[in-house]
Amino acid sequence: MGNKILILFTHPRFEQSRSNRILVNAIPDHPDITFHDLYEQYADFNVDIEREKQLLLDHDIIIFHHPLYWYSAPALLKQWIDMVLEFGWAYGHGVATLKGKRVFNVFSSGGPRESYQFNGRNHYPIHDFLTPFEQTCRLCHMDYLPPFAVQGTHRLKDDEIKAHAADYAHLLSLMIVGAFSMEEMQQYPYLNDWLAPLKATNS
């Protein structure tokens with residue numbers, strides 16, 4: 001029995017995002033993958049809390065898929081976290097509702113990877129900007145993994161983005177069948193880096 005994956009996609013200007021259109025189009029059409037577009041469902045920000053809780057319970061792997069907006073995620077994803085991960089249900093003394101769920105971010109950024117370093121334009125590594133997600137997962141007893149990223153999107157050609165999209169699809173396929181080690185993945189800053197030697201072995 002495979003892992004069930006929930007992709008919480010959050011992009012307020014999806015129609016104008018070349019990179020995310022390509023990424024989303026590459027997501028495998030698989031019964032164990034649920035693609036959930038939050039802006040399509042909740043344009044008014046009125047999140048159906050009980051529905052979202054059930055989705056979390058029904059899936060093993062949760063993906064926050066979003067563009068990097070002002071060093072964070074779009075507002076609706078924060079709204080979702082604020083409303084759905086309630087005290088007494090997602091966290092609190094003796095609460096372990098979501099224990100063992102695996103979570104990671106899939107994000108795009110206009111700035112290239114090298115700009116997210118101490119000596120880069122953005123002054124901090126990407127992990128520092130994603131720390132609130134990691135700590136949220138820790139509080140809820142979920143296991144947080146490194147991100148999968150497509151960066152420097154303004155300068156990438158379609159073929160380059162499609163290569164990232166193929167990697168994303170491959171990552172999802174591996175996660176469905178459980179062909180991964182949490183401990184091994186957590187040794188890398190990006191899941192892209194974890195995938196690289198696997199691609200070299202299979203090529």
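Residues numbered from 1 in each chain as written. Predicted model: local features only at pLDDT ≥ 70, side-chain atom pairs only at ≥ 80, totals over all residues. Heavy atoms only, no water.

Focus: the confidence of the model for the chain
Condition: Confidence per residue, as judged by the predictor, is encoded in pLDDT with a range of 0 to 100. The numbering of helices and of strands both runs from the N terminus, where a helix is a DSSP run of H or I of at least 4 residues and a strand a run of E of at least 2.
Within the chain, residue pLDDT values average 90, and 96% of them lie at 70 or more. No element of the chain has a lower mean pLDDT than helix α8 (residues 191–202), at 78, and none a higher one than helix α3 (residues 49–58), at 98.

Comments concerning the pattern of salt bridges
Here is the rule: Any Lys or Arg side-chain nitrogen found within 4 Å of a carboxyl oxygen on Asp or Glu counts as a salt bridge. Only protein chains enter the calculation, and the probe is 1.4 Å; a residue is then buried if its accessible area is under 20% of its type maximum, exposed if over 50%, and partly exposed in between.
What the rule picks out here adds up to 6 salt bridges. We note a salt bridge from Glu50 to Lys53, for which the minimum N-O separation is 3.6 Å. Within this pair, Glu50 and its partner Lys53 are both found in helix α3, separated by 3 residues, close to a single helical turn. Judged by its relative accessible area of 8%, Lys53 is buried. For Asp82, the salt bridge identified is with Lys78, shortest N-O distance 2.7 Å. Note that Asp82 and Lys78 are positioned in helix α4 (residues 75–84) at a spacing of 4 residues, about one turn of the helix. Taking relative accessible area as the criterion, Asp82 reaches 42% and is therefore assigned partly exposed.

What to know about the side chain of Asn3
The test is simple: Polar contacts, as counted here, are pairs of nitrogen or oxygen atoms within 3.5 Å of one another; within protein the pair requires one atom able to donate a hydrogen and one able to accept it, and residues that are adjacent in sequence qualify only if both atoms are side-chain atoms. Whether two residues are in contact is decided by their heavy atoms, any of which lying within 4.5 Å being enough.
As for its placement among the helices and strands, Asn3 is situated in the segment before β1 (5–9). Side-chain polar atoms of Asn3 contact the backbone oxygen of Met175, separated by 2.8 Å. Setting aside residues no more than four positions away along its own chain, Asn3 makes contact with Asp32, Asp60, Ile61, Arg102, Met175, Ile176, Gly178 and Phe180.

Structural notes on helix α6 (residues 158–177)
Owing to its 3.6 residues per turn, the α-helix aligns residues three or four sequence positions apart on the same side. We count it as follows: Under the convention used throughout, the expected extent of a helix is 1.5 Å for every residue step, that is, one less than its residue count.
Helix length check: α6, at 20 residues, gives a terminal C-alpha distance of 29 Å against a target of 28 Å (1.5 Å per residue), a fit within 8%. Those residues of α6 lying buried are Ile161, Ala165, Asp167, Tyr168, Ala169, Leu171, Leu172, Leu174, Met175 and Ile176. Of the residues one or two after α6, Gly178 is the one with positive phi, at around 75 degrees.

Quick look at unusual backbone geometry
Positive phi, close to 70 degrees, is recorded for Phe45, a residue that is not glycine. By the secondary structure assignment, Phe45 is in the loop between α2 (38–41) and α3. Phe45 sits in the partly exposed class, given a relative accessible area of 29%. Not every positive phi belongs to a glycine, and His141 is a case in point at roughly 65 degrees. Position of His141 among the secondary structure elements: in the loop between α5 (126–139) and β5 (143–144). Relative accessible area serves as the criterion here: at 36%, His141 is assigned to the partly exposed category.

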